[in-house]
Amino acid sequence: MKKCKLAIDENMNCQMCCYYCDDKYICNDVCSEIMEDCPKLIEETELDVIQSAVPDVLKAITDITVEKKKLDEQEKLMKEKLLHAMEEHGIKSFENAKVKFMYVAPSTRTSIDSAKLKKELPEVAEHYSKTSKVSASVRITVK
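Just so we're clear, the structure is a prediction, and the values are computed from it rather than from any experiment.

Draft legend 1. Region of interest: the overall build of the chain. When helices and strands are counted, the chain shows 5 helices and 4 strands. Radius of gyration (C-alpha) of the chain: 28 Å, far over the 15 Å computed for a compact globule of 143 residues. Once the C-alpha set of the chain is aligned to its principal axes, its extents read approximately 80 × 50 × 25 Å. Here the chain holds 143 residues, and the buried ones make up 8% of them. When the accessible surface of the chain is summed, it comes to about 13,400 Å², and 56% of that surface belongs to carbon and sulfur atoms. For the chain, the centre of its 23 positive side-chain charges and the centre of its 26 negative side-chain charges are spaced 9 Å apart.

Draft legend 2. Geometry of a nonpolar patch on the surface. Taken together, Val49, Ile50, Val54, Val57, Ile61, Val138 and Ile140 make up a surface patch of nonpolar side chains, about 580 Å² in accessible area. If you list the elements that add at least two residues to the nonpolar patch, you get α2 (46-53) and α3 (55-89). By the secondary structure assignment, Ile50 is in helix α2. Ile50 sits in the partly exposed class, given a relative accessible area of 40%.

Draft legend 3. Spatial organisation of the side chain of Thr65. You can see Thr65 is positioned in helix α3. Assessed through its relative accessible area of 14%, Thr65 is described here as buried. Of note is the side chain of Thr65, whose polar atom sits 2.6 Å from the backbone oxygen of Ile61. Excluding residues within four positions of it along the chain, Thr65 makes contact with Ile140 and Val142.

Draft legend 4. Main features of the packing of aromatic side chains. For the structure shown, the criterion picks out 1 aromatic pair. Pairing Phe94 with Phe101 gives two aromatic rings, centres 4.7 Å apart and planes at 15°, and the pair type is stacked. Look at Phe101 and you get partly exposed, because its relative accessible area is 25%.

Draft legend 5. Highlighting α3. Taking 1.5 Å per residue, 35 residues should reach 51 Å; α3 reaches 50 Å between its end C-alpha atoms and fits that length. In the stretch just after α3, Gly90 is the one whose phi turns positive, near 65°.

Draft legend 6. Spatial organisation of the pattern of salt bridges. In total, this model carries 2 salt bridges according to the counting rule given. Linking Asp63 and Lys59 is a salt bridge whose minimum nitrogen-to-oxygen distance equals 2.7 Å. Pair noted here: Asp63 and Lys59 are both in helix α3, with a separation of 4 residues, about one helical turn. Judged by its relative accessible area of 41%, Asp63 falls in the partly exposed class. Given the relative accessible area of 52%, Lys59 is considered exposed. A salt bridge links Lys79 to Glu75, with the shortest nitrogen-to-oxygen separation between them at 3.8 Å. Taken as a pair, Lys79 and Glu75 lie in helix α3 at a separation of 4 residues, close to a single helical turn.

Draft legend 7. Structural context of the confidence of the model for the chain. Mean pLDDT over the chain: 86, with 98% of residues reaching 70 or higher. At the level of individual helices and strands, the chain shows its lowest average pLDDT in helix α1 (residues 5-9), which scores 70, and its highest in helix α4 (residues 114-120), which scores 96.

Cut-offs and rules
Residues numbered from 1 in each chain as written. Predicted model: local features only at pLDDT ≥ 70, side-chain atom pairs only at ≥ 80, totals over all residues. Heavy atoms only, no water. Helix = DSSP H or I, 4+ residues; strand = E, 2+ residues; numbered from the N terminus. Rg over C-alpha atoms; globule rule 2.2 N^0.38 Å. Buried < 20%, exposed > 50% of the residue type's maximum accessible area, 1.4 Å probe, protein only. Areas by Shrake-Rupley, 256 points an atom, 1.4 Å probe, with all protein chains shown as cover. Lys, Arg positive; Asp, Glu negative; His and termini not counted. Charge placed at Lys NZ, Arg CZ, Asp CG, Glu CD. Patch = residues over 30% accessible without salt bridge, like charges linked within 9 Å, V, L, I, M, F, W, Y side chains within 5 Å. Salt bridge = Lys/Arg side-chain N within 4 Å of Asp/Glu carboxyl O. Polar contact = N/O pair within 3.5 Å; in protein donor to acceptor, adjacent residues only side chain to side chain. Contact = heavy atoms within 4.5 Å. Phe/Tyr/Trp six-rings, centres within 6.5 Å; stacked < 30°, edge-to-face > 60°. Expected span 1.5 Å × (residues − 1). pLDDT = per-residue confidence, 0-100.

Here you go:
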């Protein structure tokens, strides 16, 4: 969205750039210097919009997501050490007051190479394909 820095700084009700506003011909507060390349024009990014709409949520979820990634990495390392110790000592399972731990032996898994099936036998792939609804969600990627 194109916004007017002057309108933002002066805390006006409408902060949209008048040049891009549909109501510019009927608005009482329209800018007298209306032009496409106005020096007061700023482009509001998606980040700007979200930061102004839910700043606390954005900060909290960012902090949680970054911390979760760190914890996931720590968990992975700890599981590797635990797996090695369980294999070394022949332990198949154990538990404490809060968690049960089970050793899962290596195995093989058979799956269908859907890309190859679609390429070589598209009619078979189409026949056995199904469409499912997927709910809206937010995907967060830690950099």
